[in-house]
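Okay, here's what each chain looks like letter by letter:
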Amino acid sequence: MVMEKLTKLLAAHLDTDPGEINAETTFESLGIDSLDTVEMVMELEEELGVELELNEKVATVGELAQFIEKKLGK
Amino acid sequence: MSFRIISTGSAVPSRVVTNDELATFLDTSDQWITERTGVKERRVCVTETASGLGIEAGRRTLEAGNTRPEELDMIIAATVSGEYVSPGMACMIQAGLGATCPAMDVNAACSGFVFALDTAAGFFARGRVKKVLVVGAEQTSRIVDWTDRNTAVIFGDGAGACLLEAGDNYIESKLFSRGGADVIQIPTSIGVSPFFEGEQVKPLIHMKGQETFRFAVSVMAADIQEVLASAGIAQSEVAYVIPHQANVRIIDTAKKRLDIPAERFAVNLDKYGNTSAASIPMVLDGLNRDGKLTRGDILVISAFGGGLSSGACVIQW
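Residues numbered from 1 in each chain as written. Chains lettered and ligands numbered in written order. Predicted model: local features only at pLDDT ≥ 70, side-chain atom pairs only at ≥ 80, totals over all residues. Heavy atoms only, no water.

(A) Structural detail: the sheet that holds strand S12 (residues 298–305) of chain B. Residues and elements named next belong to chain B. Strand order in the open sheet made by the four strands is S8-S13-S12-S11, with mixed pairing throughout. Lying at the two open borders of the sheet, with one neighbouring strand each, are strand S8 (170–177) and strand S11 (240–243). This sheet shows a mean twist of 10 degrees between the axes of neighbouring strands, independent of strand direction. Sheet topology note: the S11/S12 ladder contains four bridges and is parallel. In the strand pairing of S12, Pro-243 is matched with Ser-302. (Pairing = 2+ DSSP bridges. Helix = DSSP H or I, 4+ residues; strand = E, 2+ residues; numbered from the N terminus. Axes fitted to C-alpha atoms, helices over the stretch in contact; angles between N-to-C directions.)

Below you can see the structure in the form of structure tokens.
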């Protein structure tokens with residue numbers, strides 16, 4: 001569920017096809033830096049209605065999805 | 001009764017430091033700094049000082065407002081990088097200008113100028129003052145860790161000021177603090193105490209970038225919405241948003257959360273970097289000198305910084 005939302009959000013941000021993004025995709029390859037990641041997490045927080053303190057480095061889309069799922073207690 | 005702004009002024013050191021020059025001694029590049037911060041160059045003191053810049057900004061402001069220093073009833077200064085903890089910078093500015101009124105500092109880090117304006121509004125509301133000079137002046141180069149590529153590239157030196165007189169143009173304001181030194185801190189020196197056994201943290205700027213970004217984006221958009229809503233003014237009626245110039249990425253992200261056209265956000269950080277408490281009056285003076293302000297214009301000011309703190313206000317020009 002999180003991975004799906006994240007992919008949609010990224011695709012909308014980058015104006016690309018969601019099919020281009022998978023769990024192994026690195027943020028670097030998408031041209032996304034740490035500040036973009038913080039911004040996306042904030043958007044996800046609003047959408048999911050939870051606080052996600054992003055306090056670890058995440059390199060791939062899958063890692064961020066995992067981090068969020070952990071925070072959601074899933 | 002609150003105040004209206006009669007005139008503005010600013011002053012910066014003459015030495016320009018470009019991103020390329022920083023890349024000669026830091027592991028960074030013009031591209032990295034530009035993409036992450038929007039800063040292209042900044043001014044850095046060589047022989048100038050924070051209060052010296054504050055005095056010059058104040059002098060220009062008084063001149064533009066046809067006001068003599070002796071006419072001032074109060075000087076309020078906002079700074080985190082003055083040469084002295086005591087005297088307060090406002091006292092140095094008072095002496096430099098030849099004013100005779102009371103003078104004091106307000107420290108709310110990068111939000112300091114907004115807190116100072118609100119403090120001034122209180123003196124006007126009590127009818128204690130007719131003319132007040134509010135100054136933000138910073139020599140951040142003296143507290144920047146020039147070996148830390150994450151913070152050294154952001155900051156710059158400069159000063160700005162506003163001359164206020166009694167009026168009704170300070171429409172709405174909001175101040176906020178969330179105490180603690182975990183996200184942003186500038187420790188003072190422990191000095192030469194033979195007794196102290198704790199840890200001396202370097203007396204320089206320490207900042208957690210991502211957490212600062214997160215705080216800044218959320219308070220900036222929310223504060224602007226809130227002060228406008230309390231003032232009963234639509235976002236579309238705003239002539240200019242004057243945001244604290246911390247990082248263009250913060251301003252860009254806040255823009256997306258607001259219904260104010262992008263071109264109404266004033267930006268000068270490409271030329272001056274983050275000048276802490278001086279950023280707001282420097283931007284305001286830039287707009288004023290460029291003839292972009294018309295009497296009656298609605299301006300929204302929004303700042304955030306160490307404290308953590310944030311402040312926003314609505315002013316009719």
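(B) Layout of the packing of helix H3 (residues 50–64) of chain B against helix H4 (residues 89–97) of chain B. Residue and element names in this part refer to chain B. The contact between H3 and H4 brings their axes to 9 Å, and the two run at 55 degrees. One element, H3, and the other, H4, form an angle in the oblique class. Helix-helix and strand crossings are classified by hand; for H3 and H4 the assignment is right-handed. Contacts from Ala-50, Ser-51, Gly-54, Ile-55, Gly-58, Arg-59 and Leu-62 of H3 reach H4 at Met-89, Met-92, Ile-93, Gly-96 and Leu-97. Of the residues belonging to the contact of H3 with H4, the class tally is seven nonpolar, four polar and one charged. (Parallel < 35°, antiparallel > 145°, perpendicular 65-115°, else oblique. Left-handed = near helix turned anticlockwise from the far one by under 90°. Contact = heavy atoms within 4.5 Å. Nonpolar A, V, L, I, M, F, W, Y, C, P; charged D, E, K, R; others polar.)

(C) Quick look at the confidence of the model for chain A. In the predicted model, chain A carries a mean pLDDT of 81, and the fraction of residues at 70 or more is 97%. The lowest-confidence element of chain A is helix H2 (residues 34–48) of chain A, averaging 81 in pLDDT; the highest-confidence one is helix H3 (residues 61–71) of chain A, averaging 84. (pLDDT = per-residue confidence, 0-100.)

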